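# Report on the structure
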Amino acid sequence: MAGRWMEFGKYGANGAPGGEALGIAMEGMVQGIASPVDSERGLAARLNYLTRSDAGYEAMDRAGVHVSPRTLMAWLAEERSPNKANLARLDAAYWDLRRRNVAADLKHRLNNDGRGTRVEINPVNQRGVEQKYRRDLAPRSINVRGVWDRAVDAWMDDDQDELDAVWDEVLDLIGSDYDGYSFVSSIGWSA
C-alpha cells in the first residue's frame, strides 16, 4: 500500500486503509431481517428465506444445521422451536445466504454493463490533527470499472490482501495525490 502516511495516526488522523474501507462498504450493503432469531417473527422469516431455495439448504448445511426433514417441518409449522445452538446456526446460515445473494447482485450492479460505478472517497478525519500537520484532502469522486468482480470475490473470501491490491488499482485512477487516499474515513456509491 502507498505510504506517505508513514506513521498513520501519529498526529491524530483517523480512518481505515482503503481496502478495508472497501470491504466495510460492501458489508454495509448486506441487510436483512431486523427481528432477532430467537423471536417468533425472526425465526419464521429466516426459515422461510432458507427453505425456499437449494442455496438456502446449502447454507444451512455449511452452518451445521443437520436435522431431519420432520424436525425442519415442525420448525416451519411452529410446533417446535430449535435449541439455542440451532438458532445460532440458522442465523449464521441466513446471513451467509444474504451475503452470497448480495455478492451476486453487487457484481452485476457495480460493473454496470462495463461502465463501472461512480465512487465517492472521503479522506481521513483530521479534526484531531493540529493545523500545521494537516494535509489538504477533499472528498473525491471517480468512476471505477474493471475491478468489481475481484473486489466482491475478495470481500466474500475475507481476503484483505486482495482488497488492498484492488484499492491500489483504484488509487491509480485518482492521479497525483493518490497517496493521500491510501487511508480514508469512508467509501460510498449508489448501487
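Conventions and cut-offs
- Residues numbered from 1 in each chain as written.
- Predicted model: local features only at pLDDT ≥ 70, side-chain atom pairs only at ≥ 80, totals over all residues.
- Heavy atoms only, no water.
- Core = buried A, V, L, I, M, F, W, Y, C linked by side-chain atoms within 4.5 Å.
- Buried < 20%, exposed > 50% of the residue type's maximum accessible area, 1.4 Å probe, protein only.
- Helix = DSSP H or I, 4+ residues; strand = E, 2+ residues; numbered from the N terminus.
- Contact = heavy atoms within 4.5 Å.
- Phe/Tyr/Trp six-rings, centres within 6.5 Å; stacked < 30°, edge-to-face > 60°.
- Lys NZ or Arg CZ within 6 Å of the ring centre and 35° of its normal.
- Salt bridge = Lys/Arg side-chain N within 4 Å of Asp/Glu carboxyl O.
- Pairing = 2+ DSSP bridges.

## Quick word on the nonpolar core
By size, the foremost hydrophobic cluster in this structure holds 30 residues, and its most contacted members are Leu22, Met26, Ile121 and Trp189. Counting residues per element, the ones that place at least two in this core are helix H1 (18–27), helix H5 (84–111), strand E2 (117–123), strand E3 (140–144), helix H6 (148–156), helix H7 (160–174) and strand E4 (183–189). For this core, the leading source of residues is H7, giving six residues. Leaving out residues up to four positions away in the same chain, Met26 has contacts with Leu106, Ala151, Val152, Trp155, Leu163 and Trp189. Within the second largest apolar cluster, 16 residues are counted, among which are Ile33, Leu50, Trp75 and Ala93.

## A short note on the packing of aromatic side chains
In the structure shown here, the tally under the stated rule is three aromatic pairs. Between Tyr49 and Tyr94, the aromatic rings sit 5.2 Å apart at their centres with planes inclined by 70°, giving edge-to-face as the arrangement. Of this pair, Tyr49 sits in helix H2 (residues 40–50) while Tyr94 sits in helix H5; the two residues are 45 residues apart in sequence, bridging distant segments of the chain. Per residue, the accessibility class of Tyr49 equals that of Tyr94, and both read buried. Taking the centre distance of 5.5 Å and the plane angle of 65° together, the rings of Trp148 and Trp189 count as edge-to-face. Here Trp148 is found in helix H6, whereas its partner Trp189 is found in strand E4, with 41 residues between them in sequence. Take Trp148: its relative accessible area is 2%, and that puts it in the buried class. A residue is classified by how much of its surface remains accessible, and Trp189, at 15% relative accessible area, is buried. An aromatic cluster is built from Tyr49, Tyr94 and Trp95, whose rings are joined through pairwise contacts. Sitting above the plane of the Trp155 ring, Arg99 keeps its charged end 4.5 Å from the centroid.

## Structural notes on the pattern of salt bridges
Scanning all chains against the criterion turns up nine salt bridges. With a shortest N-O distance of 4.0 Å, Arg99 and Asp158 are connected by a salt bridge. Pair noted here: Arg99 is in helix H5 and Asp158 is in the loop between H6 and H7, with a separation of 59 residues, a long-range link. The residue Asp153 makes a salt bridge to Lys107 at a minimum N-O spacing of 2.6 Å. Separated by 46 residues along the polypeptide, Asp153 in helix H6 and Lys107 in helix H5 bring together distant segments of the chain. Looking at Asp153, the relative accessible area reads 34%, which means it is partly exposed.

## A word on the pairing of E4
With two bridges joining them, strand E1 (residues 16–17) and E4 adopt antiparallel strand pairing. Bridge pairing in E4 places Ala16 opposite Val184. In this structure, E2 lies alongside E4, joined through five bridges in antiparallel fashion. Note on E4: the bridge partner recorded for Pro123 is Val184.

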